[in-house]
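Results of the structural survey
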Amino acid sequence: MDAVEEVKARLNIEDVVGEYMELKRSGRNFKGLSPFSSEKSPSFMVSPEKGIWHDFSSGKGGTMFTFVMEMEGVDFKEALELLARKAGVDLAQFRGKGGEESSKHRNRLYEAMELAVKFYQVQFSKSTIALEYALKKRQFSKETALEWQLGYAPNTGSALCDFMVSKGFNEKEIKDAGLSAQRYRGLGDMFRGRLMIPLHDAQGRPIGFTARLLEDIKDAPKYINTPQSPLYDKSRHVYGLHLAKDGIRKNNYVVLVEGNLDVISSHQAGVRQVVATAGTAMTEYHLKALSKFTGDIRLSFDADKAGINATERSIPIASKVGVSLSMVTIPSGKDPDDLIKQDARIWEEVITKNQYALDWLIERYTTQLDLKSAQGKRRFSDVLLPVVRQLQDSVEQDHYLKAIAAQIGVSQDALTDKYLHVTKAPQPVRLKQATPRQVTKETANLLKAQNRFMALVLMQPALRTYMKPVTPEMLYTDEARQLLEFLVKNPGFNGKIIGDALLLQPVADYAKIVAVAYEELYGDLEMPDLQQEVAWQQVRLIEAYVKMQKHEIQNQLKDADDPTMRQLLERVKTLDQLLNASKGGLHA
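Throughout what follows, the structure given in this document is the object of discussion. (Residues numbered from 1 in each chain as written. Predicted model: local features only at pLDDT ≥ 70, side-chain atom pairs only at ≥ 80, totals over all residues. Heavy atoms only, no water.)

Turning our eyes to something else, we now look at the sheet that holds strand β15 (residues 324-327). With mixed pairing, the 5 strands of this open sheet are ordered in space as β13-β12-β14-β15-β16. Taken across any chain shown, the strands that pair with only one partner, and hence form the sheet edges, are β13 (274-276) and β16 (355-356). (Pairing = 2+ DSSP bridges. Helix = DSSP H or I, 4+ residues; strand = E, 2+ residues; numbered from the N terminus.)

Take a look at the structure:
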């Protein structure tokens, strides 16, 4: 048995899902309100028998692993590790010797971090200066301090290191966790005399610290972070994500602020869709992590030089990742914490008045430069054209070229000529792990049609004649395409025998998902009603496919010569005939 099967054997899917949402039994299955959309009637279902969940409102579904991936924003490996811990499965036994040693060392570092957090929390409760700063100056409640595990590092040299050694940790483990530094007298604490703000990964495990100086010490930095370690990488870490996930899903957007303490203030005020990165250094990894929860990312950075530069760097990355990046402007130049202390309701309102990032950038440079002078126009185009150059969408590029030309009063031809000579900045390193596509309302509707159509033709062989006009490219997911091809090649397949050797993973999992959908939606219908339903879902699928194809043809027509144009127009006629034939079958 491999690691995945061992975890499945020890955990019940309804128990895993039930830790994230309320489930109620409904016959052989469980039902609940979708965690991916706002709804009043439960459309989310879990089948313990098949080990599958399916959300009818969004079209999503899968195993306990895919559910954890969706809810935690992690990849499959991380979901497996999380569920293995829950199941008490030691993944090291499924790895080679080198992997086993690495895994054990990493687990020791997590244990060290957990212990350090507790140590600092105890010191915090005894420190007058730390309590004064956190509870009075910052106005955090005791409940907030506990939720965010605030701590204090005593300024005694090696208090933490001595404590860690007494608990069985060696110097290498303490150093690798980023908790110690080499001092002139030997190994000493990394942090001294500072408020300790633990940094957690997306699953809530502490991986590092931000430490805030509490006394004025000449030349000492106000904030320092844990150095790069096997657990902590500032280019990937999003502060507060472990506590913000539910708020992001509920509101369908996320706000990024500059300071960790701003995040805590916002959460305490009830605005919990707020996170932070290490300063304003936005990376592709950050946006990838957030894109697993929402495609609407709003930055609340200062409108100073650093904030503007950060926005310039972030816009192309956001375009590449495929998220909408916008800016939140706080009035009177306050930071979020000041505004929240003044009136939390104003902060809650401000973050809803976001402005698309490139429009915000154009507006800022318009106020900073003299656009009546040749030098101002040159500078304006110098800073904005490289940003436009890195946008992924040609329509968006064209829009901003026109906007910039109009703003500085030059011809679009002149600006386009300069644009073509702009050197494209180096692209960020691509991630190997692709993130899931954001499920828009249009995509959700297409997924519903796809899954319901496939459920009907899988479970009712008599309905497979309706597959004839449907081709694999009309379907949205690879699993659905493979299942369609399988059914075409195996018309006598009995859809009720899920898990047949003919169906390989992950197609077998997808088949289980649509089988659950069939039982829930169509289990009590007679054949005439099933025929009407499959005909309707067929029309919805073909309609979506035709719409997509026509949009693509419309773009191709802009630059097409006469022969190509005639071919494209013939293609449009063929598509219309396909759709009309499908609709004709619906009303026959």
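Read on for the rest.
Summed over the entire model, instances satisfying the criterion amount to 14 aromatic pairs. Residues Y20 and F67 carry aromatic rings whose centres are separated by 5.5 Å and whose planes lie at 80° to one another, so their mutual orientation is edge-to-face. Separated by 47 residues along the polypeptide, Y20 in the loop between α2 (13-18) and β1 (24-26) and F67 in helix α3 (residues 64-72) bring together distant segments of the chain. Here F67 falls in the buried class, since its relative accessible area comes to 0%. A ring pair is formed by F486 and F493, whose centres lie 5.0 Å apart and whose planes are at 85°; its orientation type is edge-to-face. Exposure remark for F486: the relative accessible area of 11% places this residue in the buried category. (Phe/Tyr/Trp six-rings, centres within 6.5 Å; stacked < 30°, edge-to-face > 60°. Buried < 20%, exposed > 50% of the residue type's maximum accessible area, 1.4 Å probe, protein only.)

As a general point, the strands of a sheet are linked pairwise by backbone hydrogen bonds and lie either parallel or antiparallel. With antiparallel pairing, the 5 strands of this open sheet are ordered in space as β1-β2-β3-β4-β5. The outermost strands of the open sheet, each flanked by one partner alone, are β1 and β5 (61-62). Across 4 bridges, the pairing between strand β3 (residues 44-47) and strand β4 (residues 52-55) is antiparallel. Bridging from a neighbouring strand, S47 pairs with I52 of β4. Packing against the sheet, α3 makes contact with β3, β4 and β5, and its axis sits at approximately 45° to β4. Running over the sheet, helix α22 (residues 507-522) touches β2 (29-32), β3, β4 and β5 and is turned about 60° from β4. (Contact = heavy atoms within 4.5 Å. Axes fitted to C-alpha atoms, helices over the stretch in contact; angles between N-to-C directions.)

Another aspect to go through is the side chain of E14. Relative to the helices and strands, E14 resides in helix α2. Although E14 is buried, it forms no salt bridge, and the closest oppositely charged side chain is R25 at an N-O distance of 5.5 Å. With near-sequence residues (within four places) excluded, E14 lies in contact with L23, F30, V46 and P48. (Lys, Arg positive; Asp, Glu negative; His and termini not counted. Salt bridge = Lys/Arg side-chain N within 4 Å of Asp/Glu carboxyl O.)

We now examine empty space enclosed by the protein. The tally for this structure, following the rule as stated, stands at 1 cavity of 30 Å³ or more. In this model, the largest cavity occupies a volume close to 40 Å³. Lining the largest cavity, in full, are H54, F56, G59, L447, K448, N451, R452 and A517. Residue contributions to the lining of the largest cavity peak at 4 residues, all from helix α20 (residues 441-459). Its residues assigned to classes, the lining of the largest cavity comprises 3 nonpolar, 3 polar and 2 charged. (1 Å grid on protein atoms, 1.4 Å probe; cavity = no way out; pocket = protein on both sides within 12 Å on 5 of 7 lines; lining within 4 Å. Points joined across faces, edges and corners; volume = space filled by probe spheres on them. Nonpolar A, V, L, I, M, F, W, Y, C, P; charged D, E, K, R; others polar.)

For helix α12 (residues 284-291), a buried count of 7 out of 8 residues is recorded, marking the element as mostly surrounded by other parts of the structure. Buried residues of α12: E284, H286, L287, K288, A289, L290 and S291, and no others.

What follows covers the nonpolar core. Residues Y120, L179, F209 and W347 are the most contacted members of the largest nonpolar core, which totals 54 residues. Apart from residues lying up to four places away in sequence, W347 is in contact with V255, V257, S266, V271, V274, S300, I330, P336, L339 and I340. Membership of the second largest hydrophobic core comes to 46 residues, among which are A202, F293, A357 and L371. (Core = buried A, V, L, I, M, F, W, Y, C linked by side-chain atoms within 4.5 Å.)

Moving on, we come to the packing of helix α17 (residues 374-389) against helix α19 (residues 412-420). Where α17 meets α19, the axes come as close as 10 Å, and the angle between the chain directions of the two elements is 60°. Taken together, the axis directions place α17 and α19 in an arrangement best described as oblique. Crossing handedness for the pair α17 and α19: right-handed. Where α17 approaches α19, its residues R378, S381, D382, L385, V388 and R389 are matched on the opposing element by L415, K418 and Y419. Here the residues of the contact of α17 with α19 are counted per class, giving 4 nonpolar, 1 polar and 4 charged. (Parallel < 35°, antiparallel > 145°, perpendicular 65-115°, else oblique. Left-handed = near helix turned anticlockwise from the far one by under 90°.)

Counting along an α-helix, one turn takes 3.6 residues, and residues three or four places apart therefore face a common direction. Here helix α4 (residues 76-87) spans 16 Å end to end across 12 residues, near enough to the 16 Å set by a 1.5 Å rise per residue. Residues A79, L80, L82, L83, A84 and A87 constitute the buried set of α4. Its buried side turned inward, α4 meets α1 (3-10), α2 and α3. Its side-chain oxygen placed 3.3 Å from the backbone nitrogen of K77, D75 serves as the N-cap of α4. (Expected span 1.5 Å × (residues − 1). Polar contact = N/O pair within 3.5 Å; in protein donor to acceptor, adjacent residues only side chain to side chain.)

Our focus in this paragraph is the side chain of Q549. Position of Q549 among the secondary structure elements: in helix α23 (residues 527-557). Of the residues examined, Q549 reaches a relative accessible area of 17% and is grouped as buried. What Q549 contacts, discounting residues up to four positions off in sequence, is R571 and L575.

This part takes up the environment of Y232. Structurally, the position occupied by Y232 is in the loop between β11 (223-225) and α10 (241-251). Among the residues examined, Y232 registers a relative accessible area of 3% and is labelled buried. Residues Y232 and A405, 173 residues apart in the sequence, show an inter-C-alpha distance of 44 Å. What Y232 contacts, discounting residues up to four positions off in sequence, is L199, I207, N225, T226, P227, H237 and A278. Among the polar contacts listed, one links the side chain of Y232 to the side chain of N225, at a separation of 3.4 Å.

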